[in-house]
Amino acid sequence: LWQEKFKDCRMENTTFLHPKKGCHLNFQDENDIVIYLVSFLGSLAVLPGNIVSALFMDKIGRIRIIGGSMLVSSACTFLLLLSFSQGAVICWQCLFYGASVAAWNGLEVISVELYPSSKR
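Definitions and limits used
- Residues numbered from 1 in each chain as written.
- Predicted model: local features only at pLDDT ≥ 70, side-chain atom pairs only at ≥ 80, totals over all residues.
- Heavy atoms only, no water.
- Helix = DSSP H or I, 4+ residues; strand = E, 2+ residues; numbered from the N terminus.
- Buried < 20%, exposed > 50% of the residue type's maximum accessible area, 1.4 Å probe, protein only.
- Contact = heavy atoms within 4.5 Å.
- Areas by Shrake-Rupley, 256 points an atom, 1.4 Å probe, with all protein chains shown as cover.
- Expected span 1.5 Å × (residues − 1).
- Polar contact = N/O pair within 3.5 Å; in protein donor to acceptor, adjacent residues only side chain to side chain.
- Arc of directions from axis to C-beta.
- Salt bridge = Lys/Arg side-chain N within 4 Å of Asp/Glu carboxyl O.

K.L.:
Is there a simple way to think about the overall build of the chain in this case?
P.N.:
Along the backbone of the chain there are three helices and zero strands. When its helices and strands are written in sequence order, the chain yields α-α-α. Among the 120 residues that make up the chain, the fraction classed as buried is 21%. Within the chain, contacts between residues separated by at least 24 positions form 65% of all contacts whose residues are at least 6 apart in sequence. Element-wise, carbon and sulfur atoms account for 64% of the exposed surface of the chain, whose accessible area totals about 9,800 Å².

As structure tokens, this is what we get:
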């Protein structure tokens with residue numbers, strides 16, 4: 001049994017009932033699919049944040065976009081702590097992703113505008 005894993009060990013009264021080799025993923029469990037679904041929903045939630053920040057960057061202002069989206073992101077993080085169901089956690093996580101990407105977009109615009117237009 002996997003001698004390379006048990007170096008300098010002495011086993012006494014040890015029984016291994018089901019030693020498995022290879023990949024231990026079981027695709028019949030729904031938890032394996034949920035991991036990929038949550039990751040997909042998180043990536044999809046970034047799209048509305050990008051669209052909103054692109055449309056309102058000049059109208060609202062960069063600093064207000066950054067401040068508002070960081071405030072919403074912190075509220076989502078706090079409410080994520082208080083949620084106990086799986087659906088609520090996914091919902092707050094998606095709202096956090098959508099709000100935080102707007103802050104990152106505002107920071108990217110401000111960092112580019114710090115340089116003079118001849119250097120951009």
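K.L.:
Could you clarify how one ought to interpret helix H3 (residues 86-113) in this entry?
P.N.:
For an α-helix the count is 3.6 residues per turn, leaving residues at separations of three or four pointing the same way. The terminal C-alpha atoms of H3 lie 41 Å apart, and with 28 residues this matches the ideal 40 Å at 1.5 Å per residue to within 8%. Burial in H3 covers these residues: Ile-90, Gln-93, Cys-94, Gly-98, Ala-99, Ser-100, Val-101, Ala-102, Ala-103, Asn-105 and Gly-106.

K.L.:
Is there a simple way to explain the side chain of Ser-53 in this structure?
P.N.:
Tracing the chain through its elements places Ser-53 in helix H1 (residues 30-60). What makes Ser-53 buried here is its relative accessible area of 2%. In terms of polar contacts, Ser-53 uses its side chain to reach the backbone carbonyl oxygen of Gly-49, at 3.0 Å. Looking at Ser-53, its side chain comes within polar contact range of the side chain of Asn-105, at 2.8 Å. Residue contacts for Ser-53: discarding those within four places in its chain leaves Ala-102 and Asn-105.

K.L.:
What exactly am I supposed to notice about helix H2 (residues 62-82) here?
P.N.:
Compared with the 30 Å implied by 1.5 Å per residue over 21 residues, the 31 Å span of H2 between its first and last C-alpha is a close match. For H2, the set of buried residues is Ile-65, Ile-66, Ser-69, Ser-73 and Cys-76. Along H2, the residues classed as buried sweep out an arc of 95° about the axis, all on the same side. The exposed residues of H2 that point more than 90 degrees off its buried face are Ile-63, Arg-64, Leu-71 and Leu-81.

K.L.:
Just to check I follow, could you spell out the pattern of salt bridges for this structure?
P.N.:
Oppositely charged side chains can pair when the atoms bearing their charge come close. Inspection of the entire model under this criterion finds two salt bridges. Two residues, Asp-58 and Arg-62, come together in a salt bridge whose shortest N-O distance is 3.0 Å. Its relative accessible area of 63% is what places Asp-58 among the exposed residues. Residue Arg-62 is joined to Glu-113 by a salt bridge in which the shortest nitrogen-to-oxygen separation is 2.8 Å. Here Glu-113 lies in helix H3 and Arg-62 lies in helix H2, a separation of 51 residues in the sequence. Taken together, the salt bridges that share partners define one network made up of Asp-58, Arg-62 and Glu-113.

K.L.:
It is not clear to me how the environment of Ile-66 should be interpreted in this structure. Could you clarify?
P.N.:
Within the secondary structure, Ile-66 is located in helix H2. Its relative accessible area of 11% is what places Ile-66 among the buried residues. Every residue in contact with Ile-66, bar those within four places of it in the chain, is listed here: Ala-103, Gly-106, Leu-107 and Ile-110.

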